[in-house]
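Examining the three-dimensional arrangement
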Amino acid sequence: MCGIVGYIGQQKATPILLEGLKRLEYRGYDSAGIALLEDEGLKHEKSAGKVHMLERLLANRTFTSHIGIAHTRWATHGEPTDLNAHPQLDDTGNIAVVHNGIIENYRALREVLEREGHNLVSDTDTEVIAYLINMYYNGDLTEAVRMALSQVEGTYAIAVIDSRSPDKIVAARNGAPLLLGQGQGENFVASDVAAILRHTNKVAYIEDKEIVTLTADNYHISTIENVEISRKVEEINWSLEMIEKAGHDHFMHKEIHEQPETLRNATRGRLNIEEGTVRLNGLTDHLEDLSRIKRVIITACGTSWHAALIGEYLLEEYAQIPVEVEYASEFRYRSPIIDENTLVLVISQSGETADTLAAMREARRKGAKALGIVNVVGSTIARESDGGVYIHAGPEIGVASTKAFTSQIMVLSLITILLGRMRNISANMGKEMIEALESIPEKIQQILDNEIQIKEIAETYYKSNNFLYLGRGVNFPVALEGALKLKEISYIHAEGYPAAEMKHGPIALIDEKMPAVVIATKDSIYDKVMSNIAQVRARNGRVIAIATEGDAEIANHVNHVIFIPQIKQCFSPLLSVIPLQLLAYHMAVLRKCNIDQPRNLAKSVTVE
Ligand code: M6R
């Protein structure tokens, strides 16, 4: 989604802002722009397309400014054109605004402004904000922003500069992420820390309905109602290296290969092998509640929702607690039945997904305890939940989620052991589960070492237009995730299905042009999956099987086999998803797709 970066200090603003924009590219966008306060007044440049196009435009101009704001726009209102790109200006040309979010009452506001004779030129919902700020400007930019925002309904993170107040940036947030970065004699504002990490790791998170005014040496936070806020600056422990490609062609490839390490990080310091249980610091204050809950609702979107489905299998089997998994976008508009014995688990890599955040708020409003399973430290879901567990996967830059998915499953496995041990699983079983989890990183490495074979299979199939992904039991959500990965980055149509459901419809699609990827690991339903494979083969379908090492027989029944090491059945998704990530990656590379920034997608979906 849209990205914001702003700079005020002693250095030239343009290179800092352009670098910030490049670091925000992963969020997904379709146009970019910049506004600077030069001695002669406000200057701006914007362009549909990628940041390098903006950079090309800027190469013909000389800017010396030390204060500016910049933006990557993911179109919601109006096409991704130069005109609709941000910054949006008012008609005096003094004010520039960049915005992430949606102004819901912009039509009404626009009508009022037009009746007063203003000529708004873009199709965006953002432009009205610049006009409103100008309308209220009386020498105090912060006050004008406050007044303007009091008229606005909807979600926003904004940053504003005004040529009449050349020593400050004013920014505000309601429902879209925003943080300030503190440097020495310089300050930053940004949608996320990646944009400013080269310059500072000291950040303060801006909360909903707060306004921050930045000068080069200071910052001041207040609420929209003008109540002073004192906010402490925190140090982020992400390094620059973590947000760079480290020799890989794409972030997605790097992140797939990081999984042995990220999964070690997800368990580090949390396993208690002697007692066959786990210690999760973010849950220690909730142990009593956790021991009495009778029902769990897990809510999430996209890949995180697939992890939630795996959590359902784990929790029901080992903790014997009924679990419902809900799309956050649906949950927020239903009337879910929640009582004091219901635990709501909220899963989000970014911790900023608008639907997931709204679902969590709704659950808490209804009296539920909401615990987060989140990657980004300090994100809104992490801060607003009652507690939770960080997955510690490090920055995930590729839009297609990979390492966050496996780390989410790992954390769900740990929560399963914790809740299971409070209920019906023995210390021995807990120990066995922990040992299985400890073996995962090495087993993933073995699969990664076989990448060349997966790449060869991709070479055979990358021209296919359709794919079917089949799995059963705990590997059904993995089939969904494999299909999602392929769709997202290669634009090949792919369906994930429970293998046995295929005969109730999708079987009609099967012919020699419809490859099926089938997760056929040696487990309690292996024979059933083999029957499903036979049904595909009988209709000339081609099958790529993900099978368990040592299963010599399977090669006689399928076209290709990718072996994964043996593992306790309930944890097999942690292994079976790895070849599917690599298969999607290599097919997308062969199709020359934009791997890390697939068309139309945003990394963090901060609007509805
Ligand atoms: O940051 P979140 O985990 O809340 O994001 C949820 C989805 O938007 C996300 O998983 C999306 O489906 C990814 N593109 C998956 O690769």
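Residues numbered from 1 in each chain as written. Predicted model: local features only at pLDDT ≥ 70, side-chain atom pairs only at ≥ 80, totals over all residues. Heavy atoms only, no water.

Broken down by element type, the protein carries 18 helices and 27 strands. In terms of overall size, the protein behaves like a compact globule, its C-alpha atoms giving a radius of gyration of 25 Å where 608 residues would be expected to give roughly 25 Å. Buried positions account for 61% of the 608 residues belonging to the protein. A separation of at least 24 residues holds for 72% of the contacts in the protein among residues at least 6 apart in sequence. (Helix = DSSP H or I, 4+ residues; strand = E, 2+ residues; numbered from the N terminus. Rg over C-alpha atoms; globule rule 2.2 N^0.38 Å. Buried < 20%, exposed > 50% of the residue type's maximum accessible area, 1.4 Å probe, protein only. Contact = heavy atoms within 4.5 Å.)

A separate point is the sheet that holds strand S7 (residues 154-162). With antiparallel pairing, the 7 strands of this open sheet are ordered in space as S5-S6-S7-S8-S12-S13-S14. The sheet terminates laterally at strand S5 (88-89) and strand S14 (228-229), the two strands that pair on one side only. Direction of pairing for S7 relative to strand S8 (residues 169-174): antiparallel, over a ladder of 4 bridges. Each residue of the ladder has a partner; that of Ile 158, found in S8, is Ala 172. Sheet strands in contact with helix H4 (residues 127-136) are S5, strand S6 (95-103) and S7, and its direction is about 130 degrees off that of S6. (Pairing = 2+ DSSP bridges. Axes fitted to C-alpha atoms, helices over the stretch in contact; angles between N-to-C directions.)

What follows covers the site of the ligand. In the neighbourhood of the ligand, 13 residues make up the surrounding shell, with Ser 304, Ser 348, Gln 349, Thr 353 and Glu 488 lying closest. Ser 348 is positioned with one of its side-chain polar atoms (N or O) 2.6 Å from an oxygen atom of the ligand. Backbone polar atom of Ser 401 to an oxygen atom of the ligand: 2.8 Å apart, as the coordinates give it. Across the complex, the protein chains shield 92% of the 410 Å² of accessible surface that the ligand would expose by itself. Counting residues per element, the ones that place at least two in the shell around the ligand are helix H9 (302-319) and helix H16 (476-490). In terms of residue count, H9 provides more of the shell around the ligand than any other element does, 3 residues in total. (Near = heavy atom within 4 Å. Polar contact = N/O pair within 3.5 Å; in protein donor to acceptor, adjacent residues only side chain to side chain. Areas by Shrake-Rupley, 256 points an atom, 1.4 Å probe, with all protein chains shown as cover.)

Considering all chains together, one arrives at 4 aromatic pairs under this definition. Aromatic pair Tyr 7 and Phe 188: ring centres 5.2 Å apart, planes at 55 degrees, arrangement tilted. Placement of Tyr 7 in strand S1 (residues 3-8) and of Phe 188 in strand S10 (residues 187-190) is noted, with a sequence separation of 181 residues between them. Here Tyr 7 falls in the buried class, since its relative accessible area comes to 0%. A centroid spacing of 6.1 Å and a plane angle of 40 degrees characterise the contact between Phe 467 and Tyr 469, whose relative ring orientation is tilted. Given the relative accessible area of 0%, Phe 467 is considered buried. Positioned over the ring face of Tyr 29 is Lys 50, at 4.3 Å from the centre of the ring. The residue whose ring lies beneath Arg 599 is Tyr 491, and the NZ or CZ to ring-centre distance is 3.8 Å. (Phe/Tyr/Trp six-rings, centres within 6.5 Å; stacked < 30°, edge-to-face > 60°. Lys NZ or Arg CZ within 6 Å of the ring centre and 35° of its normal.)

What follows concerns the pattern of salt bridges. Think of it this way: side chains of opposite charge can pair up when their charged atoms draw near. One pass over the full model with this rule turns up 31 salt bridges. Between Glu 324 and Arg 295 there is a salt bridge; the shortest N-O distance is 2.8 Å. Of this pair, Glu 324 sits in strand S19 (residues 323-327) while Arg 295 sits in strand S18 (residues 295-300), placing them 29 residues apart in sequence. Here the salt bridges do not stand alone but share partners, grouping Glu 19, Arg 23, Arg 198 and Glu 244 into one network. (Salt bridge = Lys/Arg side-chain N within 4 Å of Asp/Glu carboxyl O.)

Before going further, it helps to spend a moment on the sheet that holds strand S25 (residues 516-520). Pairing within the open sheet is parallel, and its 5 strands lie in the order S24-S23-S25-S26-S27. Each end of this open sheet is capped by a strand with a single partner; those strands are strand S24 (493-498) and strand S27 (560-564). Neighbour-to-neighbour, the strand axes of this sheet turn through a mean angle of 20 degrees, independent of strand direction. Strand direction decides the pairing type here: strand S23 (residues 466-471) and S24, joined by 6 bridges, are parallel. Residue pairing in the sheet places Phe 467 in a bridge with Ala 494 of S24. Those strands touched by helix H17 (residues 526-537) are S23, S25 and strand S26 (543-548), and its axis lies near 165 degrees from that of S25.

Two elements in contact, helix H13 (residues 403-422) and helix H18 (residues 573-590), have axes separated by 10 Å at closest approach and are oriented at 175 degrees. Relative to H18, H13 is oriented roughly antiparallel. Packed against H13, whose contacting residues are Phe 405, Thr 406, Ile 409 and Met 410, the element H18 presents Pro 573, Leu 574, Val 577 and Ile 578 at the interface. Here the residues of the contact of H13 with H18 are counted per class, giving 7 nonpolar, 1 polar and no charged. (Parallel < 35°, antiparallel > 145°, perpendicular 65-115°, else oblique. Nonpolar A, V, L, I, M, F, W, Y, C, P; charged D, E, K, R; others polar.)

Okay, helix H2 (residues 51-59) next. Since the α-helix turns once every 3.6 residues, residues separated by three or four places project in the same direction. All buried positions along H2 are accounted for by Val 51, Leu 54 and Leu 58. Taken down its axis, H2 places every buried residue within 60 degrees of arc, on the same side. Facing away from the buried side of H2 by more than 90 degrees, the exposed set consists of Arg 56 and Ala 59. Where H2 is buried, its residues touch helix H1 (13-24), strand S2 (31-38), strand S3 (41-48) and strand S4 (67-73). (Arc of directions from axis to C-beta.)

Attention shifts here to the domain arrangement of the protein. Each domain of the protein was delimited in the assignment, giving domain 1 (3-236), domain 2 (242-443) and domain 3 (450-608). Domain 2 and domain 3 are separated by 24 Å when their C-alpha centres are compared. Domain 2 puts 47 residues into the contact, and the matching count from domain 3 is 39 residues. Buried surface at the junction of domain 2 and domain 3, summed over both partners, amounts to about 3,500 Å²; 68% is from carbon and sulfur atoms. On the surface where domain 2 and domain 3 come into contact, there are 2 salt bridges. One salt bridge connects Lys 603 with Glu 396, and the closest N-O pair in it is separated by 2.6 Å. (Domains from an automatic or database assignment. Buried area = accessible area lost by both parts, 1.4 Å probe.)

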